[in-house]
Amino acid sequence: MDNNKLDTAELQEMKEQIALLKSKLEKESIVSDTMLRHILNDKAKSLKTMGLGKTLACFLAVPLMLWCNWFLGMSMLFTVVTTVYLSFAFIYTYITHRDINRMDLMNEDLVAVGEKVAKLKHRYSSWVLYGIPFVLCWFAWFFYELNNAGLPSENMDAALNGMLIGGTIGLIMGVMRYRKVQRVANDVLQQIREMKEDIK
């Protein structure tokens, strides 16, 4: 009889220890999940900041290019095509980053977050695929327009040097930004995969 009471007491104590252990594990899991979401949130902020910078650059480039084209005496067709391209780049960048900007990583479902980040990554790749050929054609057209603008030679040299230096800096910054967005997006997707595996 005493043995039965002892077994029951031990069993009850074991049940309480298991319950306590489960509670601790759940708390650790919640803390771990929260910490990982904070890390993801920081990375998403980086994507948001890059998107804001690119959107702002496209927005400011429109009036700047309109003024440059007028000042250098470019054709109306070239000016209109340049303005349309920059406006499209502004809209495309805004749409690409819209879902990321609206994300609430602390509460949102990880699958939905992963889909949004994967979509952003794909759109960046698509932009490079179509944007680079257009920009190469645009530069060739720009040099043709500049050659036919009838500028004095010193103004022509200044405009050419400005475009070559600006184009080189723009290319380097564009490649760096593209690689950074892809790297951050890959990090976020990898982190989400690991979090989902931990949940399983």
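A brief structural summary. (Residues numbered from 1 in each chain as written. Predicted model: local features only at pLDDT ≥ 70, side-chain atom pairs only at ≥ 80, totals over all residues. Heavy atoms only, no water.)

## Looking at the environment of Phe134
To keep things clear, this is the line we draw: Under the DSSP-based scheme used, a helix requires at least four consecutive residues in state H or I and a strand at least two consecutive residues in state E, with every element numbered from the N terminus. Here's how the labels work: a residue is buried when its accessible area is under 20% of the maximum for its type, exposed when over 50%, partly exposed in between, all with a 1.4 Å probe on protein chains only. Contacts were defined at the residue level, with two residues in contact if any of their heavy atoms lie within 4.5 Å.
Mapped onto the elements, Phe134 comes out in helix H3 (residues 110-148). Take Phe134: its relative accessible area is 29%, and that puts it in the partly exposed class. Separated by 49 residues in the primary sequence, Phe134 and Tyr85 place their C-alpha atoms 9.1 Å from one another. Leave out the neighbours within four places in its chain, and Phe134 touches Val81 and Tyr85.

## Description of the layout of surface pockets
Formally: Only protein atoms enter the calculation, which uses a 1 Å grid: trapped sets of points that fit a 1.4 Å probe without letting it out are cavities, open sets showing protein on both sides within 12 Å along at least five of seven lines are pockets, and any residue with an atom within 4 Å of a point is a lining residue. Grid points are joined across faces, edges and corners, and a volume is the space filled by probe spheres set on the points. When residue character is reported, Ala, Val, Leu, Ile, Met, Phe, Trp, Tyr, Cys and Pro are called nonpolar, Asp, Glu, Lys and Arg charged, and the others, Gly included, polar.
Of the voids in this model, the largest pocket is the one considered here, and its volume is about 1800 Å³. If you trace the largest pocket, you find 46 residues lining it, with Val135, Gly166, Gly167, Gly170 and Leu171 closest to the centre. Here the lining of the largest pocket gets 19 residues from one element, more than from any other, and that element is helix H4 (residues 153-199). Residues of the lining of the largest pocket, tallied by class, amount to 34 nonpolar, eight polar and four charged.

## Quick notes on the environment of Arg177
As for its position among the elements, Arg177 is in helix H4. Judged by relative accessible area, which is 32%, Arg177 ranks as partly exposed. The spacing of Arg177 and Gly51 is 126 residues in sequence and 9.9 Å in space, taken between C-alpha atoms. For Arg177, the residues in contact, after removing those within four places along its chain, are Met50, Gly53 and Lys54.

## Let's talk about empty space enclosed by the protein
Following the criterion strictly, the structure yields one cavity of 30 Å³ or more and no others. One number sums up the size of the largest cavity: a volume of about 40 Å³. Breaking the lining of the largest cavity down by element, the ones donating at least two residues are helix H2 (76-102) and H3. Among the elements that take part in the lining of the largest cavity, H2 stands out by supplying four residues, more than any other. A class-by-class count of the residues in the lining of the largest cavity yields three nonpolar, three polar and two charged.

## Focus on the nonpolar core
Going by this rule: In this text, buried Ala, Val, Leu, Ile, Met, Phe, Trp, Tyr and Cys residues form a nonpolar core when linked through side-chain atoms within 4.5 Å.
Counting 17 residues, the largest nonpolar core has Leu72, Met74, Phe78, Leu86, Trp138, Phe142 and Leu146 as its most contacted members. Counting residues per element, the ones that place at least two in this core are helix H1 (2-72), H2, H3 and H4. Looking at which element gives the most residues to this core, the answer is H1, with five residues. Counting 15 residues, the second-largest nonpolar core is a separate cluster that includes Met50, Val181, Val188 and Ile192.

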